[in-house]
Amino acid sequence: MPDNCQAGVKNILDFARAKREERPVVILTAYDALMARLLAASEVDAILVGDSAAMVVHGFPSTIHATVEMMAVHTAAVRRGAPAAVVIADMPFLSVRRGREEAVRSAGALMQAGATAVKIEGVAGHEDVISHLVESGIPVMGHLGLTPQSVHQFGGYRVQGRSADDAAQLRADARRLEETGALAVVLECVPAELAKNVTDDLAIPTIGIGAGADTDGQVLVLADLLGLDAGFRPRFARRYQEGHAEALAAVNAFVRDVRAARFPAREEMLA
Ligand code: KIV
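Keep in mind it's a predicted model, so treat the numbers as computed, not measured.

About the criteria used
- Residues numbered from 1 in each chain as written.
- Predicted model: local features only at pLDDT ≥ 70, side-chain atom pairs only at ≥ 80, totals over all residues.
- Heavy atoms only, no water.
- Axes fitted to C-alpha atoms, helices over the stretch in contact; angles between N-to-C directions.
- Helix = DSSP H or I, 4+ residues; strand = E, 2+ residues; numbered from the N terminus.
- Parallel < 35°, antiparallel > 145°, perpendicular 65-115°, else oblique.
- Left-handed = near helix turned anticlockwise from the far one by under 90°.
- Contact = heavy atoms within 4.5 Å.
- Nonpolar A, V, L, I, M, F, W, Y, C, P; charged D, E, K, R; others polar.
- Near = heavy atom within 4 Å.
- Polar contact = N/O pair within 3.5 Å; in protein donor to acceptor, adjacent residues only side chain to side chain.
- Areas by Shrake-Rupley, 256 points an atom, 1.4 Å probe, with all protein chains shown as cover.
- Buried < 20%, exposed > 50% of the residue type's maximum accessible area, 1.4 Å probe, protein only.
- Arc of directions from axis to C-beta.
- Pairing = 2+ DSSP bridges.
- Right-handed = clockwise from strand over helix to strand, strands pointing away.
- Patch = residues over 30% accessible without salt bridge, like charges linked within 9 Å, V, L, I, M, F, W, Y side chains within 5 Å.
- Salt bridge = Lys/Arg side-chain N within 4 Å of Asp/Glu carboxyl O.
- Phe/Tyr/Trp six-rings, centres within 6.5 Å; stacked < 30°, edge-to-face > 60°.
- Core = buried A, V, L, I, M, F, W, Y, C linked by side-chain atoms within 4.5 Å.

Engineer: When you look at the packing of helix α5 (residues 100-113) against helix α6 (residues 127-135) in this model, what are you seeing that I'm missing?
Structural biologist: Between two packed helices, what matters for the description is the angle formed by their axes and the separation of those axes. Relative orientation of the contacting elements α5 and α6 amounts to 50°, with a least axis distance of 10 Å. In terms of axis orientation, α5 runs oblique to α6. In the packing of α5 onto α6, the handedness of the crossing is right-handed. Along the contact surface, α5 presents R100, A103, V104 and A107, while α6 presents D128, V129, H132 and L133. Considered class by class, the residues forming the contact of α5 with α6 number 5 nonpolar, 1 polar and 2 charged.

So this is what it looks like as structure tokens:
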């Protein structure tokens, strides 16, 4: 990300290079220009405009509520905040299941909003759409394991690939994604050993979230890392800050200052 000149991934080709050179790829989510500016000043390799925006920003109970329009608004905001970053935008629920034309239209909208690539959950039944997007010049990142758009089919947010059959299927799906031309594969909530096997199988990088330490990179939701949601603490997401508690203390300090006539002070008053 040339904004800070420290990120190893400056374009899509750098994903494969990072794997060859054994440099871990680090991705965080952002949905708005403010957080994008923060990440652009950091050392992260790429920004994911995840459809988790539907939950984190819009308060929906799942990512099923994300739409192309919603994702395009967030992608454009992130692009404005991080003009030089590699920005990956999620293709929302069902947007790759209504045929090639609809998928091209949706992916095109996200690319025109500023995405460098799109991320697509699953592969079975839409591998032709993925390869068509890739052939059309739209870089695609895959996403396997606990793909949240299928939460109802999974019966909840559960670790995937635990049985031998499921693990074999996931490995086959990952190879299929590589064959379709995907630039990398997110592995979400799968056993660490399976993630390692997939990582060893592929020439493209695997990016883990709740998938152990042997993937080629890691992705987290920024709000989880910053501890912004007091009530949400997934085991796999390390908190680097108690953001909710710190922000709450700041807000209440302001309220108390106003009530005690300590704000504004003389130097904060405009002439
Ligand atoms: O939507 C999202 O934030 C994601 C990550 C959790 C990988 O897809």
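Engineer: What is the right way to read the site of the ligand from this model?
Structural biologist: The immediate surroundings of the ligand are formed by T29, L48, G50, D51, S52, D90, K119, H143, I209 and V221. Take D51: an N or O atom from its side chain is 3.0 Å from an oxygen atom of the ligand. Within the side chain of K119, a nitrogen or oxygen atom sits 2.8 Å from an oxygen atom of the ligand. Considering the ligand on its own, with 260 Å² of exposed area, one finds that the protein chains cover 95% of that surface. Its residues placed into classes, the shell around the ligand shows 3 nonpolar, 4 polar and 3 charged.

Engineer: Explain helix α9 (residues 192-201) here, please?
Structural biologist: Residue pairs three or four apart in sequence face the same way in an α-helix, which turns once every 3.6 residues. Restricting attention to buried positions, one finds in α9 the residues L194, A195, V198 and T199. An end-on view of α9 places all buried positions within 140° of arc, on one side of the element. In α9, those exposed residues whose orientation departs by more than 90 degrees from the buried face are E193 and D200. Check the buried side of α9 and you find it contacts α1 (13-20), α8 (164-180), β6 (184-188) and β7 (206-209).

Engineer: Explain the pairing of β6 to me, please; I cannot follow it from the model alone.
Structural biologist: Here β6 lies mainly inside the structure; 5 of its 5 residues are buried. Side chains of β6 alternate between two faces, with A184, V186 and E188 and V185 and L187 buried alike. By the bridge criterion, 5 bridges tie strand β5 (residues 140-145) to β6 in an arrangement that is parallel. Across the sheet, the residue bridging to H143 is V186, located in β6. Where β6 meets β7, 4 bridges bridge the pair, whose relative direction is parallel. What sits directly across from E188, in β7, is I209. Each parallel crossover has a hand, and for β6 linked through α9 to β7 it is right-handed.

Engineer: What is the right way to read the sheet that holds strand β1 (residues 25-29) from this model?
Structural biologist: Hydrogen bonding along the main chain pairs the strands of a sheet, whether they run parallel or antiparallel. Pairing in this closed barrel of 8 strands is parallel, and the strands run β1-β2-β3-β4-β5-β6-β7-β8 around the ring. Across the sheet, the mean angle from the axis of one strand to that of its neighbour is 25°, orientation sign disregarded. The sheet contact formed by β7 and strand β8 (residues 217-220) spans 2 bridges and is parallel. Residue pairing for β8: I207 is matched across the bridge by G217. Packing of α5 onto the sheet brings it into contact with β3 (86-90) and β4 (117-121), and relative to β4 it is tilted by some 140°. Sitting on the sheet, α8 is in contact with β5 and β6, with an inclination near 175° to β5.

Engineer: How do you make sense of a nonpolar patch on the surface when you look at a structure like this?
Structural biologist: A cluster of nonpolar side chains, namely F254, V258 and F263, defines an oily patch on the protein surface of about 270 Å² accessible area. Relative to the helices and strands, F254 is located in helix α11 (residues 243-259).

Engineer: Is there a simple way to think about the packing of aromatic side chains in this case?
Structural biologist: A ring pair, where both rings are aromatic, is described by two values, the distance of the centres and the angle of the planes. All chains considered together, the criterion is met by 1 aromatic pair. Where F254 meets F263, the ring centres are 5.3 Å apart and the plane angle is 75°; that geometry is what we call edge-to-face. By relative accessible area, F254 is classed as partly exposed at 45%.

Engineer: Whenever I open this one, the nonpolar core confuses me. Can you help?
Structural biologist: Formed by 72 residues in total, the largest nonpolar core has its most connected members in F15, I27, I88, M141 and L187. For this core, the element with the highest residue contribution is helix α4 (residues 68-81), accounting for 5 residues. When near neighbours in sequence (up to four residues on either side) are disregarded, I27 contacts F15, A46, I47, L48, I88, M141, I207, Q218, V219 and L220.

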